[in-house]
Protein chains: 2
Amino acid sequence: MSLRHAVLGLLARDPGSGYDLMKLFDTSLRTVWPATRSQLYGELSRLADAGLVHVSAPGGRGRKEYSITDAGRAELHAWLLSGPSRGARSEMLLRLCFLGQVEPSDARAYLRHQAELAAKELAELEAVERLVPERGRLAFELGLRHLRVQQEWAAWAEGRLAESGATMTE
Amino acid sequence: MSLRHAVLGLLARDPGSGYDLMKLFDTSLRTVWPATRSQLYGELSRLADAGLVHVSAPGGRGRKEYSITDAGRAELHAWLLSGPSRGARSEMLLRLCFLGQVEPSDARAYLRHQAELAAKELAELEAVERLVPERGRLAFELGLRHLRVQQEWAAWAEGRLAESGATMTE
DNA sequence: CGTAGCATGTAATGAGTTACATGATTCA
DNA sequence: TGAATCATGTAACTCATTACATGCTACG
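Please read these numbers as outputs of a predicted model, since none were measured by experiment.

Draft legend 1. Here's a closer look at the packing of aromatic side chains. Following the criterion strictly, the structure yields 0 aromatic pairs over all chains and no others. Note that A:Arg95 overlies the ring of B:Trp79, its terminal NZ or CZ placed 4.8 Å from the centroid.

Draft legend 2. Quick peek at the UniProt feature "domain: Transcription regulator PadR C-terminal" (unreviewed entry) in chain A. Per the UniProt record, "domain: Transcription regulator PadR C-terminal" (unreviewed entry) is annotated on residues 89-158 of chain A. Helix makes up 77% of residues 89-158 of chain A and strand 0%, with an end-to-end C-alpha separation of 23 Å.

Draft legend 3. Local environment of the protein's contact with DNA strand D. In the neighbourhood of DNA strand D, 19 residues make up the surrounding shell, with A:Met1, A:Ser38, B:Tyr19, B:Tyr41 and B:Arg89 lying closest. Across the atoms of DNA strand D situated within 4 Å of the protein, the share located in sugar and phosphate is 66%. At a separation of 3.3 Å, a base oxygen of DNA strand D approaches a polar side-chain atom of B:Arg37. The separation between a phosphate oxygen of DNA strand D and a polar side-chain atom of B:Arg89 is 2.7 Å.

Draft legend 4. Focus on the pattern of salt bridges. Residue and element names in this part refer to chain A. This model, assessed by the stated rule, comprises 22 salt bridges over all chains. Linking Arg-4 and Glu-43 is a salt bridge whose minimum nitrogen-to-oxygen distance equals 3.1 Å. Separated by 39 residues along the polypeptide, Arg-4 in helix H1 (residues 3-13) and Glu-43 in helix H3 (residues 37-49) bring together distant segments of the chain. You'll find Arg-4 and Glu-43 in the same group, each marked buried. Put simply, Asp-20 and Arg-63 hold a salt bridge, and the shortest N to O gap is 2.6 Å. With Asp-20 in helix H2 (residues 18-26) and Arg-63 in the loop between strand S1 (53-58) and strand S2 (64-68), this pair connects stretches of sequence that are 43 residues apart. Owing to a relative accessible area of 22%, Asp-20 belongs among the partly exposed residues under this scheme. Since its relative accessible area comes to 30%, Arg-63 is described here as partly exposed. Ionic contacts of the salt-bridge type, sharing partners, join the residues Glu-129, Arg-137, Glu-141 and Arg-145 into one network.

Draft legend 5. Up close: the packing of H1(A) against H3(A). Residues and elements named next belong to chain A. Viewed as axis vectors pointing N to C, H1 and H3 meet at an angle of 75°, and their least axial separation amounts to 10 Å. Of the possible angle classes, the one that applies to H1 and H3 is roughly perpendicular. Contacts between H1 and H3 involve Leu-3, Arg-4, Val-7, Leu-8 and Leu-11 from the former and Gln-39, Leu-40, Glu-43, Leu-44, Arg-46 and Leu-47 from the latter. Residues that form the contact of H1 with H3 fall into these classes: 7 nonpolar, 1 polar and 3 charged.

Draft legend 6. Spotlight on the interface of chain B and chain A. Counting residues at the interface gives 56 residues for chain B and 57 residues for chain A. In total, about 5700 Å² of surface goes out of reach between chain B and chain A, with carbon and sulfur atoms giving 66% of it. Here chain B and chain A share 2 salt bridges between them. Across the contact surface, chain B and chain A share 23 residue pairs in polar contact (both at pLDDT 80 or more). Mapped onto the side of chain B that touches chain A, the elements with two or more residues apiece are helix H1 (3-13), helix H4 (70-81), helix H5 (91-98), helix H6 (104-127) and helix H7 (137-169) of chain B. When residues in the side of chain B that touches chain A are grouped by element, the largest group, 14 residues, is from H7(B). When its residues are assigned to classes, the side of chain B that touches chain A shows 31 nonpolar, 14 polar and 11 charged.

Draft legend 7. How the structure looks around the domain arrangement of chain A. Under the domain assignment, chain A is made up of domain 1 (3-81) and domain 2 (91-164). One C-alpha centre belongs to domain 1 of chain A, the other to domain 2 of chain A, and the line joining them spans 33 Å.

Draft legend 8. Local environment of the environment of B:Leu8. All names here are of chain B. Its location among the elements puts Leu-8 in helix H1. Residue Leu-8 is classed as buried on the basis of its relative accessible area, which comes to 0%. The spacing of Leu-8 and Ser-67 is 59 residues in sequence and 8.9 Å in space, taken between C-alpha atoms. Each residue touching Leu-8, except ones within four places of it in the same chain, is listed here: Leu-47, Leu-52, Val-53, Ile-68, Gly-72, Glu-75 and Leu-76.

Definitions and cut-offs
- Residues numbered from 1 in each chain as written.
- Chains lettered and ligands numbered in written order.
- Predicted model: local features only at pLDDT ≥ 70, side-chain atom pairs only at ≥ 80, totals over all residues.
- Heavy atoms only, no water.
- Phe/Tyr/Trp six-rings, centres within 6.5 Å; stacked < 30°, edge-to-face > 60°.
- Lys NZ or Arg CZ within 6 Å of the ring centre and 35° of its normal.
- UniProt positions renumbered as here; feature names shortened; annotations may be inferred.
- Helix = DSSP H or I, 4+ residues; strand = E, 2+ residues; numbered from the N terminus.
- Near = heavy atom within 4 Å.
- Polar contact = N/O pair within 3.5 Å; in protein donor to acceptor, adjacent residues only side chain to side chain.
- Salt bridge = Lys/Arg side-chain N within 4 Å of Asp/Glu carboxyl O.
- Buried < 20%, exposed > 50% of the residue type's maximum accessible area, 1.4 Å probe, protein only.
- Axes fitted to C-alpha atoms, helices over the stretch in contact; angles between N-to-C directions.
- Parallel < 35°, antiparallel > 145°, perpendicular 65-115°, else oblique.
- Contact = heavy atoms within 4.5 Å.
- Nonpolar A, V, L, I, M, F, W, Y, C, P; charged D, E, K, R; others polar.
- Buried area = accessible area lost by both parts, 1.4 Å probe.
- Domains from an automatic or database assignment.

In structure tokens form, the structure reads like this:
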């Protein structure tokens with residue numbers, strides 16, 4: 001139930017309408033916690049019902065500007081410091097569990113492709129490094145490091161498969 | 001839609017009943033792709049309707065042993081080699097985006113806790129390293145490397161906060 | 001006056017969680 | 001005969017995705 005907390009986090013920085021928040025979900029949070037309009041507007045209503053946010057400034061064109069309440073801030077704070085919730089799914093790891101079931105050459109090609117993909121994303125990330133605001137620095141650095149291991153690991157894994165394949169056909 | 005592929009992957013290794021598969025979901029796949037009974041039995045029916053698996057051996061107590069079909073194998077193969085699907089959510093990264101909104105001392109404590117957590121999981125993983133079957137080796141290694149960066153990063157991040165906190169109060 | 005951008009939602013469907021509900025067999 | 005294990009499911013609910021649907025306003 002973290003969409004709720006993403007919304008609270010954004011509103012804790014600045015009040016805004018659903019429309020405003022949507023732009024943030026489509027930019028800064030795009031790769032971290034994607035959300036759609038229908039989800040967002042629904043969640044805003046529920047948050048308002050629960051008293052965690054309130055409409056602070058109705059505007060033209062039906063605009064409703066929301067602000068976080070004290071209760072909302074308390075909820076956000078508690079969540080921020082709470083442990084990681086269970087149930088993490090990793091499609092990558094799942095594929096890996098069954099990668100032994102395709103031809104070794106296919107598996108190698110797949111891993112090579114993964115390495116290239118990670119390298120590309122890494123390059124993109126490094127290119128925008130200086131644009132990252134100070135407050136986003138920690139998250140950025142973690143993303144960077146994750147991509148680096150991803151790339152190194154894929155290269156290592158491909159090498160390993162190549163070796164064992166060679167051994168087998170000898 | 002990856003529960004489907006997890007089931008196909010398991011059945012491609014060995015035929016089994018919903019009950020059998022559930023044990024695997026609760027052990028080997030627990031940390032990779034958790035699933036519940038109700039999800040699993042539902043998915044098995046749908047897979048059978050779609051012709052990707054079939055009941056190969058009905059047994060006592062209502063047991064239905066499923067096997068993968070050629071169509072199922074084809075589907076699995078295609079999925080294994082397909083690119084990563086979009087929509088990856090990271091609760092960790094989301095927390096990080098908003099960690100600036102709590103007291104620096106709270107944030108540091110949180111990061112220290114994360115580092116310890118990663119170190120503990122790492123130790124557990126390393127302890128069972130030799131029990132990992134050859135076919136699970138790639139996934140295991142990726143998990144290991146991810147935990148290592150997690151730990152190193154959390155330590156680095158905490159140090160960074162400590163520094164900037166010190167600068168601010170000077 | 002038209003179009004780009006602002007601004008809000010609903011409906012249908014699929015995926016995941018939790019709780020409930022039942023019955024057969026084996027073995028001590 | 002009673003408990004553990006085998007074995008299957010349904011129902012209610014929440015969360016996420018996709019498509020549909022509408023209307024106002026500023027500006028050129």
